[in-house]
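Okay, here's what each chain looks like letter by letter:
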Amino acid sequence: MDDEELDDADFYSDEESFEFEFDDDENNEVDEGNGDDIEEDEEVTVQNKYYSAKNLKDDSPSAAIAALKDLIDNTEQTENTVDWIFKAHKQIIKINFQNRNYNESLEFLKRIIPLLGSVQKDYAEETLGTMINNYSTSKDSTFVSSLYTTILNSLQSSNAIGINSQRLWLKININRLNSYIDSGSHEECPALFQSINEKLKEVNESTRNAYSLEVIAAEIEYESRKSTPTLSILNNLYRRSLSITTAVTHPKILAIIKECGAKIQFHRGNYEKSRLDFYDCFKNYDVAGSSNKYRILKYVALCSLLTDSELNLFESQETRTYSQLKEYSNLLLLIKAYDSSDLNGFNKISEKMKVENDPILVDDIFNISFNQILLKLKLKLIINYVSVYHSIRFDFIQNKLNINQAELEELLLKLIVDGKLAEYRIDYVNNYIESVGERKKLFTLAVQANDIRANLKALNVVKFDYTLSDVNRNTSNVDQMEIDTNINQEVTKSKVDLSDDFFYSFDYTSKVHFKVIDAWYSYMYSAIPDIDKSEASLLSKFRSENKSISISKASTKDEDDIANTNTKAGILSSTFNSDAHGNEEDDDDSNESFNKSEMLAAWYNELQALYDQVVNR
């Protein structure tokens with residue numbers, strides 16, 4: 001890359017660099033039989049003057065301008081020299097602009113106009129277009145306005161014949177429109193919008209497609225910056241943009257249109273579509289290098305909460321670095337509080353943002369999102385509370401959410417409309433919520449303390465042996481090294497009492513153990529609602545009556561009938577003749593339970609003996 005390309009990188013791509021390379025190649029060619037040697041020598045001389053003057057601009061801009069002026073004044077304009085004269089004017093305009101000599105730049109801009117018809121039309125049009133794009137970035141509004149006026153006037157001159165004046169006219173006026181919007185001069189915009197839209201109707205389809213999206217983006221910006229934007233107007237503009245197809249569109253224009261579509265979906269409550277459009281908008285602003293991407297990313301995060309998205313936005317490769325920025329710290333704390341259903345923490349972060357005067361507090365999208373997210377959090381907490389209690393009073397929920405009864409009733413109504421309280425009955429007279437669906441109970445009401453004792457004894461009979469190496473008692477097999485396997489070959493067998501973890505290490509045949517079980521049962525029984533306790537009492541009475549009937553019937557049967565009945569009923573539900581087993585110290589219930597466990601012990605011993613025979617065979 002030569003110095004011409006490096007110099008123009010800050011402003012625009014200049015074909016002069018490529019022409020310089022070609023000209024160098026041409027200078028190395030010698031055609032002695034050519035009759036145009038004189039003209040070629042003249043062109044080479046002008047070319048050398050141009051580059052000599054251009055090389056001075058970094059060290060001495062004034063000397064460069066003087067040398068370029070000398071080239072213009074002392075060079076006869078011919079077919080071979082007109083391009084270099086044109087380029088000399090361009091360099092003078094650029095150097096003066098860089099040094100903020102705007103009047104001088106405008107003077108030579110006027111002087112370059114007559115040369116437009118002498119150079120290639122595409123080159124002339126591109127030169128003017130580049131000047132419009134780059135010089136309009138000046139903060140001197142007077143200079144920019146004069147620049148536009150000078151170029152527009154040149155389009156009316158005969159010297160500019162052949163240049164696509166319509167495209168340049170649209171470019172200038174769209175730039176002028178954007179400058180009005182950025183500066184807040186909104187009163188100038190309506191008339192200019194009308195003129196531009198009328199011009200678009202006159203141009204060919206390719207030109208119309210090339211500039212229509214820019215105009216729509218400008219109209220969206222104009223409407224969005226009003227104190228009260230009209231959603232219907234934004235919706236019409238967005239729908240118009242969808243009907244336009246163009247090969248190449250600047251990412252900033254696409255971002256503005258995507259942002260408009262996302263806001264429309266947001267205000268309609270379509271938060272998932274809004275989230276997707278905001279994310280596309282963020283990526284386009286990022287490509288365009290616009291600072292608006294920081295604001296849009298916050299919108300994406302808010303919409304993710306509104307849609308209960310399981311994906312963590314700030315874990316992706318594209319957005320991970322943004323989570324380290326200070327302006328996102330409060331937003332991340334809000335997200336964390338919401339995910340953990342921490343209403344108090346959520347409100348504390350809100351107050352913190354107010355104290356710190358967080359700039360996002362004045363954003364309409366944030367304020368609407370915040371209220372919706374807070375509402376979702378309260379609804380989620382209500383669902384959590386009613387799902388873990390059979391019945392719950394209004395004042396309990398009101399104290400937890402720090403709301404009054406009217407607000408709670410409004411929240412309950414919303415849950416009813418959403419169908420999330422279908423299995424609950426709300427008593428607005430007595431102010432409580434009650435589950436009417438199937439309830440999960442701690443244990444079945446048919447269970448009694450003696451049943452628990454009997455089952456535990458049965459479990460203690462059928463004990464599963466396992467071995468532990470003394471060396472590896474406190475280490476896992478993964479951590480054990482192969483060299484350690486032969487350190488200690490002695491293996492100790494330890495029987496595990498499955499009830500030890502719950503009822504301590506009492507002898508399961510002692511009445512002390514029974515008392516522990518009874519105490520545990522009483523504690524669990526105390527947690528049963530009163531309505532269920534009454535059901536349990538009736539069930540217990542019913543069981544007692546059936547038990548006395550069963551005992552009287554069992555006494556009239558012989559042992560074969562009893563054995564047959566026991567086999568069909570199952571071990572733990574079977575009846576036994578307590579006289580056949582000698583343990584008069586226990587009461588009837590314990591006798592019955594103890595005899596069942598003895599039968600299991602006998603069966604277990606027989607199975608163990610059979611197992612030993614198979615293993616030792």
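In case you missed it, the structure is sitting above this.
Residues numbered from 1 in each chain as written. Predicted model: local features only at pLDDT ≥ 70, side-chain atom pairs only at ≥ 80, totals over all residues. Heavy atoms only, no water.

## A look at the overall build of the chain
No. 1: The helix and strand tally for the chain stands at 26 helices and five strands.
No. 2: Scored against the burial criterion, the 617 residues of the chain give a buried share of 38%.
No. 3: Contacts spanning at least 24 positions in sequence make up 62% of the contacts within the chain whose residues lie at least 6 apart.
No. 4: With an accessible surface of roughly 36600 Å², the chain has 49% of that area assigned to carbon and sulfur atoms. (Helix = DSSP H or I, 4+ residues; strand = E, 2+ residues; numbered from the N terminus. Buried < 20%, exposed > 50% of the residue type's maximum accessible area, 1.4 Å probe, protein only. Contact = heavy atoms within 4.5 Å. Areas by Shrake-Rupley, 256 points an atom, 1.4 Å probe, with all protein chains shown as cover.)

## Digging into the environment of Gln324
No. 1: For Gln324, the location among the structural elements is in the loop between α15 (292-306) and α16 (329-339).
No. 2: Classification of Gln324 by relative accessible area gives exposed; the value is 66%.
No. 3: A sequence separation of 10 residues divides Gln324 from Phe314, and the C-alpha atoms of the two residues are 9.7 Å apart.

## Observations concerning helix α19 (residues 394-401)
No. 1: Taken residue by residue, α19 has Phe394, Ile397, Gln398 and Leu401 as its buried positions. For α19, the angular spread of buried residues about the axis comes to 100 degrees, placing them on one side.
No. 2: Buried positions along α19 lie against α17 (343-356), α18 (364-388), β1 (391-393), α20 (405-417), β2 (424-427) and β3 (432-435).
No. 3: Just beyond α19, the residue with positive phi is Asn402, at close to 60 degrees. (Arc of directions from axis to C-beta.)

## Examining the pattern of salt bridges
No. 1: Counted under the stated rule, the structure contains 19 salt bridges.
No. 2: Of the charged contacts, one joins Arg275 and Glu272 as a salt bridge, the two residues approaching to 2.6 Å between their closest N and O atoms. Taken as a pair, Arg275 and Glu272 lie in helix α14 (residues 271-288) at a separation of three residues, close to a single helical turn.
No. 3: Accessibility expressed as a relative area gives 37% for Glu272, which makes it partly exposed.
No. 4: The shortest N-O distance in the salt bridge between Glu434 and Arg425 comes to 2.6 Å.
No. 5: Each of Lys258, Asp277, Asp280 and Lys283 takes part in a single network of salt bridges with overlapping partners. (Salt bridge = Lys/Arg side-chain N within 4 Å of Asp/Glu carboxyl O.)

## A short note on the packing of aromatic side chains
Any two aromatic rings considered together are summarised by their centre-to-centre distance and by the angle between their planes.
No. 1: Tallied over the full model, the rule gives 21 aromatic pairs.
No. 2: Judged by centre distance (5.7 Å) and plane angle (80 degrees), the ring pair of Tyr385 and Phe396 falls under edge-to-face. With Tyr385 in helix α18 and Phe396 in helix α19, this residue pair connects regions lying 11 residues apart in the sequence.
No. 3: By relative accessible area, Phe396 is classed as partly exposed at 29%.
No. 4: When the centroid spacing of 5.9 Å and the interplanar angle of 70 degrees are considered together, the rings of Tyr389 and Phe396 count as edge-to-face.
No. 5: Here Tyr389 falls in the partly exposed class, since its relative accessible area comes to 41%.
No. 6: Every member of this aromatic cluster is reached through a ring pair, and the members are Tyr279, Phe282, Tyr294, Phe314, Tyr322 and Tyr328.
No. 7: Looking at Lys87, its charged tip hangs above the ring of Trp84, at a distance of 4.3 Å from the centre.
No. 8: Cation over ring: Lys380 sits above Tyr338, and NZ or CZ is 4.2 Å from the ring centre. (Phe/Tyr/Trp six-rings, centres within 6.5 Å; stacked < 30°, edge-to-face > 60°. Lys NZ or Arg CZ within 6 Å of the ring centre and 35° of its normal.)

## Digging into the pairing of β2
No. 1: When β2 meets β3, the two strands line up antiparallel, connected through four bridges. By the bridge assignment for β3, Ile426 is matched with Ile433.
No. 2: Once β2 ends, the chain turns through four residues before running back antiparallel as β3, passing Asn431 with a positive phi of about 60 degrees. (Pairing = 2+ DSSP bridges.)

## A short note on the packing of helix α11 (residues 205-224) against helix α12 (residues 231-242)
Helix-helix packing is characterised by the crossing angle of the two axes and by the distance between the axes.
No. 1: Taken N-terminus to C-terminus, the directions of α11 and α12 make an angle of 165 degrees; their axes are 10 Å apart at the nearest point. With respect to their mutual orientation, α11 and α12 come out roughly antiparallel. Classified by chirality, the crossing of α12 by α11 is left-handed. Where α11 approaches α12, its residues Leu213, Ile216, Glu219, Ile220, Glu223 and Ser224 are matched on the opposing element by Ile233, Leu234, Leu237, Arg240 and Ser241. (Axes fitted to C-alpha atoms, helices over the stretch in contact; angles between N-to-C directions. Parallel < 35°, antiparallel > 145°, perpendicular 65-115°, else oblique. Left-handed = near helix turned anticlockwise from the far one by under 90°.)

## Looking at a nonpolar patch on the surface
No. 1: On the surface, Leu413, Ile416, Val417 and Tyr428 cluster together to form a nonpolar patch covering roughly 390 Å² of accessible area.
No. 2: Here Ile416 lies in helix α20.
No. 3: Here Ile416 falls in the partly exposed class, since its relative accessible area comes to 40%. (Patch = residues over 30% accessible without salt bridge, like charges linked within 9 Å, V, L, I, M, F, W, Y side chains within 5 Å.)

## What about the side chain of Asn134?
No. 1: Relative to the elements of secondary structure, Asn134 occurs in helix α7 (residues 121-135).
No. 2: The exposure class assigned to Asn134 is buried, which follows from its relative accessible area of 16%.
No. 3: Here the side chain of Asn134 touches Thr130 through a polar contact of 2.8 Å, landing on its backbone oxygen. (Polar contact = N/O pair within 3.5 Å; in protein donor to acceptor, adjacent residues only side chain to side chain.)

## Notes on the sheet that holds β1
Backbone-to-backbone hydrogen bonds pair the strands of a sheet. The strands run either parallel or antiparallel.
No. 1: Spatially, three strands are ordered β1-β3-β2 in an open sheet, and the strand pairing comes out antiparallel. Both edges of this open sheet fall to β1 and β2, since each of them pairs with a single strand only. Geometrically, the sheet is characterised by an average inter-axis angle of 15 degrees between neighbouring strands, direction not taken into account.
No. 2: For β1 and β3, the ladder comprises three bridges, and the chain directions are antiparallel. Across the sheet, Ser391 pairs through a bridge with Glu434, a residue of β3.
No. 3: This element, α19, spans β1, β2 and β3 of the sheet and lies at about 65 degrees to β1.

## Focus: the nonpolar core
No. 1: Of all hydrophobic cores here, the largest spans 67 residues; its most connected members are Phe346, Ile382 and Leu401.
No. 2: Per-element accounting of this core gives the leading share, 11 residues, to α18.
No. 3: Once you skip the residues sitting within four places of it in the chain, Leu401 turns out to touch Leu343, Lys378, Leu381, Ile382, Tyr385 and Leu411.
No. 4: With 57 residues, the next largest nonpolar core counts Phe97, Phe193, Leu200 and Val215 among its residues. (Core = buried A, V, L, I, M, F, W, Y, C linked by side-chain atoms within 4.5 Å.)

## Section: the environment of Asn103
No. 1: Checked against the element boundaries, Asn103 lands in helix α6 (residues 102-112).
No. 2: Placed 43 residues apart in sequence, Asn103 and Ser146 show a C-alpha to C-alpha distance of 9.5 Å.

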